[in-house]
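Structural overview for review
Here is how the chains run, residue by residue.
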Amino acid sequence: MTSQQDIHTPEFLTGDEFSIPTFRLLKQDGSLFEGATAPELDRDQALRIYQAMVTTRVLDERMMAAQRQGRLSFYMQCTGEEAAVIGATAALEDADMIMAQYREQGALVYRGFTYDEFMNQLFGNELDYGKGRQMPIHYGSRKLHYMTISSPLATQIPQAAGYAYGQKLAGEGHCTITFFGEGAASEGDFHAALNMASVHEVPVIFFCRNNGYAISTPSIEQFAADGIAPRAYGYRMHVIRVDGNDILAVLAATRAARRIAVEHNKPVLIEAMTYRLAAHSSSDDPSGYRSKKEEEAWREKDPLLRMRLWLIAHEWWSEEQEKALQEELRREVLETMKRAEKRPPPPLDSLVTDVYADVTPALQRQLDRLKTHIRQYPDSYPRGASSLDPDVAVGDDAATEGDA
Amino acid sequence: MTSQQDIHTPEFLTGDEFSIPTFRLLKQDGSLFEGATAPELDRDQALRIYQAMVTTRVLDERMMAAQRQGRLSFYMQCTGEEAAVIGATAALEDADMIMAQYREQGALVYRGFTYDEFMNQLFGNELDYGKGRQMPIHYGSRKLHYMTISSPLATQIPQAAGYAYGQKLAGEGHCTITFFGEGAASEGDFHAALNMASVHEVPVIFFCRNNGYAISTPSIEQFAADGIAPRAYGYRMHVIRVDGNDILAVLAATRAARRIAVEHNKPVLIEAMTYRLAAHSSSDDPSGYRSKKEEEAWREKDPLLRMRLWLIAHEWWSEEQEKALQEELRREVLETMKRAEKRPPPPLDSLVTDVYADVTPALQRQLDRLKTHIRQYPDSYPRGASSLDPDVAVGDDAATEGDA
Amino acid sequence: MPTMNMLQAINNALDIAMAEDEKVLCFGEDVGIFGGVFRATSHLQEKYGRARCFNTPLVEQGIIGFANGLAAQGSVPVAEIQFADYIFPAFDQIVNETAKFRYRSGDLFNVGGLTIRAPYGGGISGGLYHSQSPEAYFAHTPGLKVVIPRNPYQAKGLLLSAIRDPDPVLFFEPKRLYRASTGEVPEEDYQLPIGEAEVTREGSDITVLGWGAQMEVIERAVALAEKEGISCEVIDLRSILPWDEDTVAESVLKTGRLLITHEAPLTGGFAGEIAATIAERCFLYLESPISRVTGLDTPFPLTLEKEYLPDHLKIFEAIKACVAF
Amino acid sequence: MPTMNMLQAINNALDIAMAEDEKVLCFGEDVGIFGGVFRATSHLQEKYGRARCFNTPLVEQGIIGFANGLAAQGSVPVAEIQFADYIFPAFDQIVNETAKFRYRSGDLFNVGGLTIRAPYGGGISGGLYHSQSPEAYFAHTPGLKVVIPRNPYQAKGLLLSAIRDPDPVLFFEPKRLYRASTGEVPEEDYQLPIGEAEVTREGSDITVLGWGAQMEVIERAVALAEKEGISCEVIDLRSILPWDEDTVAESVLKTGRLLITHEAPLTGGFAGEIAATIAERCFLYLESPISRVTGLDTPFPLTLEKEYLPDHLKIFEAIKACVAF
Ligand SMILES: Cc1ncc(C[n+]2csc(CCOP(=O)(O)OP(=O)(O)O)c2C)c(N)n1
Ligand SMILES: Cc1ncc(C[n+]2csc(CCOP(=O)(O)OP(=O)(O)O)c2C)c(N)n1
Ligand SMILES: [Mg+2]
Ligand SMILES: [Mg+2]
């Protein structure tokens, strides 16, 4: 269906004739903008959100430090983007599906993934639901409806459209949210996903964290347009741009998006304007491609501080509570980290399980040969050898627990 | 760079608030719309354009008939879309690069590809520049700056962006046009191409033939939006929608687009609204998925008729000239077809040349073994055997000619 | 028992699977009202509605991405790729996602419900892009299953197994046989095993192994060889991944000779894998080098397609050469 | 002669190629001012400007599509894919386009100027998606060349050849060796031949064949074997496609034994192709089955990476088994 209007002189459009505003509710000092109304939010949920933000921040700080100490091979922080990720998650029902990119640990925290669960994945030990197969930060939880992270970028976006199509057919009123960066949105899978979702009318929320960078590539070298939001026009999709550091705006926007998705089976695109305050990952050093000044400017827009000021103004939170929470969390991180580090690796068999539903005979032969070899050189394969000793061998409660 | 405006209530946009008009100049009766001005066009170019349209139409009609008679394995018609393809080509310089999808034989006709050249490709004979390797309609011409057609859809779109980037660096003032269907525009390569072209500011024209169908799939099942044009907003790219059956509008729009591309190194998207009057290909039967009535409605918008009426109004053309041209062309098609059919196939060596710049030793061994085998069973491989006989063996003037 | 061609058998299998389980969905380019360009999905939209059988936009990476998501959710998608030559835009979704979904999540999530159907192979004047046999690309990818039927009976039974298999299956259909191959096919539901080869003819001098459309070519070659007194054992591999080493090895231990044929180019083709494995397992029993009769190491040609293809004459000559070694 | 690590050698080769020919362009994700996530393109943007060395948007299919177009136009693009694991979204542009460009056009057009660089391989705690060795996927694709260097000297000479080669080349760089492998590298321009294997050690009991990072592993295994009195001939294949059958066959005719190792999974890996070819060519000379020491037929793991990899001990044991056969 195309519009019917005619013109008789060749005028080109570029989209500059309209612009996409940013939805904001909360000022950095914790007060609302004039004309703004906070979304409905009781004390319990407000604190659940805020505590998830702090829990995420503390985890990130401590684990990055652990990585620097050589205790962990790799880490990625959500720092600066907690409001975007947690605000969106808080707007959903807990049974809605989350298909994230990798910087969305806040969503898991909000849903109740414990520090122990994080640590088991980060250290790839026998209790890691992923059985120590993926790099740190590739979390997943079936019970929390959080799809295991996959490193190839943007692949989860069309998958989210498909998942949501299945939810629509199932008719239980659930939807899917998929998070991705403004960099990942350049992939072909992004275009495929948005187009298919709008043609097939699926209840999916495409949530773009526009944090300004894809590793070292600034968004100005990623696209020439006014962010990601105007792409929605190409699919006649509902779209909103929101201040990603404004927890109330993110919450309100995502709640409204969820309504459009679930009640009308229409996909929605949300572009959250935010900033990756930390390095891309523990392997990265941003000083080569951006200024401290730019970082500082954004540090002043810290989403945690903004929400804290709002909570304090409501007398739902205090500096003392803040201090106590931070201390408790720091202690908990260290304790759980120590526990997780000490746990044995997954058993040798986990090398060949889950390739297929059942281990094929050929794979079983490969495993048997490997066992023979390791028995010959146990000292050269301390991890593999440990599970060959029957005393050390572990069951697979890991998978069972995650499944629960 | 994103817009600066703020809002404090969560309002979603869908792009419905603006619409993309269609640029039209010529009415079906051959007169101009009120307020319309025809682009500069002298008699010579007008006739070159029109004759290319008729030449294409006659070729298509005859070759489809030949296919029906079993003389040809496969064919695809441009019918109904001649104004879009030839109008765009006529707006370019002849040295600009064309990277087409497959339904753009009109562009080749306009640039002077002869019936003989068409036939050699269609029959995959020894003179086919492509050496009989691709299915009918996969034309290419180096001297006419027309990239050899490739069946996988949309792959040429990012290639066109790259080609144009090379032209920009070369600084000779050339640009690239790439044609594609509204179906192919669903591929990931489309998104990649438009984004890269706008970020890297390349002189490329993306010309979408929105002909309503991708084989059996109507555009309403291809995308939910107002055509392809609004996608340009996602890349802040210049865009225009044009009546694809209106030769003057296509010409004017593409000339203007070329100026933007070449003078400002900015990519442009053109969406030409047209209709695939014939079946998708000789393998297709549209009666299963669309109505005769719909086809008839579009047949009345025939782009050839529209231009003919305009030419006749200018007294640049007459019904007698029309008749003579048609007859001459029909005769020529049949003559060249007969010649091409009779020509021998490409030599057996062409099976292994051009895989690499030089035939590898391993491939040479494979060819030698094949020759031995064919000598043993010459009757089972009449085509291969024919070039083993030194009297029949042909040189490779084909390639040399195409290169010229 | 009714006679069906391969398309009818496939259509019938889809029909049975959709009737039985409402979680089964069929989609892809033109599979809706049109029933697919080859008509494998004819009437399914009519019968099961647009929600369960539908056209997709023209984007293979999206089709498989969408299908992966559906399968992870618990649906049973049967996605069609219009030609196997056009499966490559979905390569990342298949090899990085489909294949690794279960493993990387420790089986928290899997896409075992997924089946991908695609017509493959030459012999239809399709040139470079309507002729390819890409099975070897996928056979190097643990986590996938790759299945290829040789006739209508096999097509129905294997496709029903593929759809119900707990692992994702790539189902390549020899399009040259779509209408050319006909045979008796039971009306009722039945399954044939995935991962098991079938000995379709017993013999003692040489084992001749293939899959899909090559089985018919092999039969013609073997008929010629038998006339010359060579007794051939013929095996249809059926599953390329995982493949049935034991059946092949057992046969070669008996015959001492092996010929493998496929249409795909020689280098990196799946015959190499089989040859390497069997040469190792049957080292002391091989009486002649394992012979591979395949397409040339070039893209697929058009005018000289007949010359390019590993036809019955090439196989026949190779059989003789093996036996005469 | 200066000492360089592999990244420096690669950076140096790119620098030389860009200085010599202004048609040479380097681009990819983060290759601009940042110089690539591994810093292989450090300082190139500074030296040659943003027009010739630049960041691309994050879209591999676009990077290679763009590069194909540039090469067809006559430029000499050197495109970087950040990790070989992320080359799959570009699979269609590579196997259907790059590989077939010249053939399908009868050489009216070609993309011979194209080089695609990508870090590959395991041993860096990368898990499923920062460890893959995808060379076999491409080795089944006529029209491509696939080259893998084993050390800095090889990397520079082979990369310069790849850039100037008249055919498109996939250049996979063993990222485990980026900083770990150092050696003398001439400052000046030089090329090493594509399509030729190199015998890096002569021996008489067994031929041990590999490429890339496995060469260092082979050296450790061979050192153990030599201590037990086994004389090993070691070959670095260097080019996977086209590969140097003659050099390998010649060596095996002499030693009578062959072991091939790669990190990629066994099934469908390129060792299968080599084993099949050499078993055929050297049938009467083989004294033991050709041995393949490879990754397991699973996705690439993390915690148990050491157990998964075909390390020197596994190769050493396999060498002994061959010789004892
Ligand atoms: C297909 C693919 N290509 C490249 C990469 C390497 N890579 C990992 S993260 C990243 C940048 C992503 O940027 P963005 O999407 O903006 O997310 P952010 O890191 O900013 O949250 C890149 C290039 C990858 N993981 N997958
Ligand atoms: C990658 C790929 N997928 C599928 C096909 C099969 N196919 C050929 S043409 C076509 C429809 C194209 O429609 P459109 O782009 O609208 O062009 P039109 O035929 O209408 O000119 C399809 C699906 C293909 N050639 N390539
Ligand atoms: Mg980002
Ligand atoms: Mg169309």
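Residues numbered from 1 in each chain as written. Chains lettered and ligands numbered in written order. Predicted model: local features only at pLDDT ≥ 70, side-chain atom pairs only at ≥ 80, totals over all residues. Heavy atoms only, no water.

If you check an unreviewed UniProt entry, chain C appears there as 2-oxoisovalerate dehydrogenase subunit beta from Halomonas urumqiensis. What UniProt states about chain C under its Function (unreviewed entry) heading is, verbatim, "The branched-chain alpha-keto dehydrogenase complex catalyzes the overall conversion of alpha-keto acids to acyl-CoA and CO(2). It contains multiple copies of three enzymatic components: branched-chain alpha-keto acid decarboxylase (E1), lipoamide acyltransferase (E2) and lipoamide dehydrogenase (E3)." (UniProt positions renumbered as here; feature names shortened; annotations may be inferred.)

Chain A appears in an unreviewed UniProt entry as 2-oxoisovalerate dehydrogenase subunit alpha from Halomonas urumqiensis. Regarding chain A, the UniProt comment filed under Function (unreviewed entry) reads as follows: "The branched-chain alpha-keto dehydrogenase complex catalyzes the overall conversion of alpha-keto acids to acyl-CoA and CO(2). It contains multiple copies of three enzymatic components: branched-chain alpha-keto acid decarboxylase (E1), lipoamide acyltransferase (E2) and lipoamide dehydrogenase (E3)." Under the UniProt heading Cofactor (unreviewed entry), the entry covering chain A gives this text: "thiamine diphosphate".

Before going further, it helps to examine the site of ligand 2. Lining the immediate environment of ligand 2, one finds 22 residues, of which Tyr102, Arg103, Asn211 and Tyr213 of chain B together with Glu60 of chain C sit closest. Contact between ligand 2 and Arg103 of chain B: an oxygen atom at 2.7 Å from a side-chain N or O atom of the residue. Take His280 of chain B: an N or O atom from its side chain is 3.4 Å from an oxygen atom of ligand 2. Across the shell around ligand 2, the residue classes break down as nine nonpolar, seven polar and six charged. (Near = heavy atom within 4 Å. Polar contact = N/O pair within 3.5 Å; in protein donor to acceptor, adjacent residues only side chain to side chain. Nonpolar A, V, L, I, M, F, W, Y, C, P; charged D, E, K, R; others polar.)

Right, let's get into the pairing of strand β8 (residues 238–243) of chain A. All names here are of chain A. For β8, the buried fraction is high: five of the six residues fall into the buried class. Where strand β2 (residues 22–23) and β8 come together, two bridges link them in parallel fashion. Note that in β8 the partner of Thr22 across the bridge is Arg241. As paired strands, β8 and strand β9 (residues 268–273) are joined by six bridges and run parallel to one another. Bridge pairing in β9 places Val239 opposite Leu269. The β-α-β motif built from β8, the intervening helix α7 (residues 247–264) and the parallel element β9 has right-handed crossover chirality. (Buried < 20%, exposed > 50% of the residue type's maximum accessible area, 1.4 Å probe, protein only. Helix = DSSP H or I, 4+ residues; strand = E, 2+ residues; numbered from the N terminus. Pairing = 2+ DSSP bridges. Right-handed = clockwise from strand over helix to strand, strands pointing away.)

The reference angle at a metal is 109.5 degrees if four donors form a tetrahedron and 90 or 180 degrees if six donors form an octahedron. Residue and element names in this part refer to chain A. Bound to the magnesium ion (ligand 3) on the protein side are Glu182 (OE), Asn211 (OD1) and Tyr213 (O), at distances that span 2.1 to 2.3 Å. Here the donor residues of the magnesium ion (ligand 3) share one chain and are spaced in sequence as E-x28-N-x1-Y. Of this pair, Glu182 sits in the loop between β4 (176–181) and α6 (188–200) while Tyr213 sits in strand β6 (residues 213–214), placing them 31 residues apart in sequence. The two residues Glu182 and Tyr213 agree in class, both being buried. (Donors = N, O, S within 2.8 Å, 3.2 Å for Na, K, Ca; no water.)

What follows is about the relation of the copies chain B and chain A. Between chain B and chain A, which share one sequence, the superposing operator has a rotation angle of 180° and an axial displacement of 0.0 Å; the RMSD is 0.0 Å. Expressed as a symmetry operation, the mapping of one chain copy onto the other fits a two-fold axis. Minimal C-alpha separation from the rotation axis in chain B is found for Gly188 of chain B, amounting to 1.9 Å. The residues that chain B uses at the interface reappear at the interface of chain A in 100% of cases, marking a shared surface. (Least-squares fit on C-alpha atoms with pLDDT ≥ 70 in both. Contact = heavy atoms within 4.5 Å.)

Taken together, the 62 residues of chain B in the interface contact 62 residues of chain A. Buried surface at the junction of chain B and chain A, both sides included, amounts to about 5,400 Å², of which 60% is carbon and sulfur. In this assembly, chain B and chain A are joined by two salt bridges. With a shortest N-O distance of 2.8 Å, Asp6 of chain A and Arg24 of chain B are connected by a salt bridge. (Buried area = accessible area lost by both parts, 1.4 Å probe. Salt bridge = Lys/Arg side-chain N within 4 Å of Asp/Glu carboxyl O.)

Okay, the sheet that holds strand β3 (residues 97–99) of chain A next. In sheet architecture, strand pairing relies on hydrogen bonds along the backbone and comes in two forms, parallel and antiparallel. Taken in spatial order, the seven strands line up as β3(A)-β4(A)-β5(A)-β9(A)-β8(A)-β2(A)-β1(B) in an open sheet, and their pairing is parallel. The open sheet is flanked by β3 of chain A together with β1 (6–7) of chain B, the only strands paired with a single partner. By the bridge criterion, six bridges tie strand β5 (residues 204–210) of chain A to β9 of chain A in an arrangement that is parallel. Residue pairing in the sheet places Cys208 of chain A in a bridge with Glu271 of chain A of β9 of chain A. Here helix α5 (residues 156–170) of chain A sits on the sheet in contact with β3, β4 and β5 of chain A, set at roughly 175° to β4 of chain A. Here α7 of chain A sits on the sheet and contacts β2, β4, β5, β8 and β9 of chain A; the angle it forms with β5 of chain A, its principal contact strand, is near 150°. (Axes fitted to C-alpha atoms, helices over the stretch in contact; angles between N-to-C directions.)

All names here are of chain A. Positionally, Ser287 belongs in the loop between β9 and α8 (292–299). When its relative accessible area of 51% is taken as the criterion, Ser287 is described as exposed. Taking the C-alpha atoms as reference, Ser287 lies 33 Å from Met147; in sequence the two are 140 residues apart. A distance of 3.0 Å separates a polar atom in the side chain of Ser287 from a polar atom in the side chain of Asp285.

The next thing to look at is the pattern of salt bridges. One pass over the full model with this rule turns up 102 salt bridges over all chains. Across the pair Glu271 of chain B and Arg241 of chain B runs a salt bridge whose closest N-O atoms are separated by 2.8 Å. In this pair, Glu271 of chain B sits in strand β9 (residues 268–273) while Arg241 of chain B sits in strand β8 (residues 238–243), placing the two residues 30 residues apart along the sequence. Note on Arg241 of chain B: relative accessible area 1%, which makes it buried. If you follow the salt bridges from partner to partner, you end up with Arg290, Lys292, Glu295, Glu296 and Arg299 of chain A in one network.

Turning our eyes to something else, we now look at the coordination of the magnesium ion (ligand 4). The protein atoms that coordinate the magnesium ion (ligand 4) are Glu182 of chain B (OE), Glu182 of chain B (OE), Asn211 of chain B (OD1) and Tyr213 of chain B (O), at distances spanning 2.1 to 2.8 Å. Because the angles between the six donor atoms bound to the magnesium ion (ligand 4) fall within 50 to 173°, the donor set is best described as irregular. (Tetrahedral: all angles 85-135°; square planar, octahedral: opposite > 155°, others 65-115°.)

With that settled, the discussion passes to the side chain of Thr261 of chain C. Residues and elements named next belong to chain C. By the element assignment, Thr261 lies in strand β13 (residues 258–265). Among the residues examined, Thr261 registers a relative accessible area of 0% and is labelled buried. For Thr261, the side chain forms a polar contact with the side chain of Gln214, separated by 2.8 Å. Every residue in contact with Thr261, bar those within four places of it in the chain, is listed here: Leu209, Gly210, Gln214, Ile218, Val293, Pro310 and Ile315.

Bringing the site of ligand 1 into the picture now. Around ligand 1 lies a shell of 22 residues, among which Tyr102, Arg103, Asn211 and Tyr213 of chain A together with Glu60 of chain D are the nearest. Residues close to ligand 1 are split across chains A and D. At a separation of 2.7 Å, an oxygen atom of ligand 1 approaches a polar side-chain atom of Arg103 of chain A. With respect to ligand 1, the side chain of Arg209 of chain A contributes an N or O atom lying 2.8 Å from an oxygen atom. Coverage of ligand 1 by the protein amounts to 97% of the 590 Å² it exposes when considered alone. Grouping the amino acids of the shell around ligand 1 by side-chain chemistry returns nine nonpolar, seven polar and six charged. (Areas by Shrake-Rupley, 256 points an atom, 1.4 Å probe, with all protein chains shown as cover.)

Next up on the list: the domain arrangement of chain C. Residue and element names in this part refer to chain C. Here the domain parsing of chain C yields domain 1 (3–184) and domain 2 (198–324). Domain 1 and domain 2 are separated by 26 Å when their C-alpha centres are compared. The junction of domain 1 with domain 2 conceals about 2,000 Å² of combined surface from both sides, 57% of it contributed by carbon and sulfur atoms. The tally of links between domain 1 and domain 2 comes to three salt bridges. (Domains from an automatic or database assignment.)

Domain annotation for chain A reports domain 1 (22–342) and domain 2 (348–403). Domain 1 of chain A and domain 2 of chain A are separated by 35 Å when their C-alpha centres are compared.

One pass over the structure, following the stated rule, counts 68 aromatic pairs over all chains. Between the aromatic rings of Tyr289 of chain A and Phe34 of chain D, the centroid separation amounts to 5.2 Å while the plane-to-plane angle is 85°, which identifies the pairing as edge-to-face. Of this pair, Tyr289 of chain A sits in the loop between β9 and α8 while Phe34 of chain D sits in the loop between β2 (24–28) and α2 (44–48), on two different chains. Taking the centre distance of 5.9 Å and the plane angle of 90° together, the rings of Trp310 of chain B and Trp316 of chain B count as edge-to-face. In terms of burial, Trp310 of chain B and Trp316 of chain B fall into one category: buried. Joined through ring pairs, the aromatic side chains of Phe88, Phe91, Tyr120, Tyr137, Phe138 and Phe172 of chain C together with Phe88, Phe91, Tyr120, Tyr137, Phe138 and Phe172 of chain D make up one cluster. One cation-aromatic arrangement involves Lys301 of chain A over Trp298 of chain A; the distance from NZ or CZ to the ring centre is 3.9 Å. Above the ring of Phe34 of chain C, the side-chain terminus of Arg39 of chain C is found at 4.2 Å from the ring centroid. (Phe/Tyr/Trp six-rings, centres within 6.5 Å; stacked < 30°, edge-to-face > 60°. Lys NZ or Arg CZ within 6 Å of the ring centre and 35° of its normal.)

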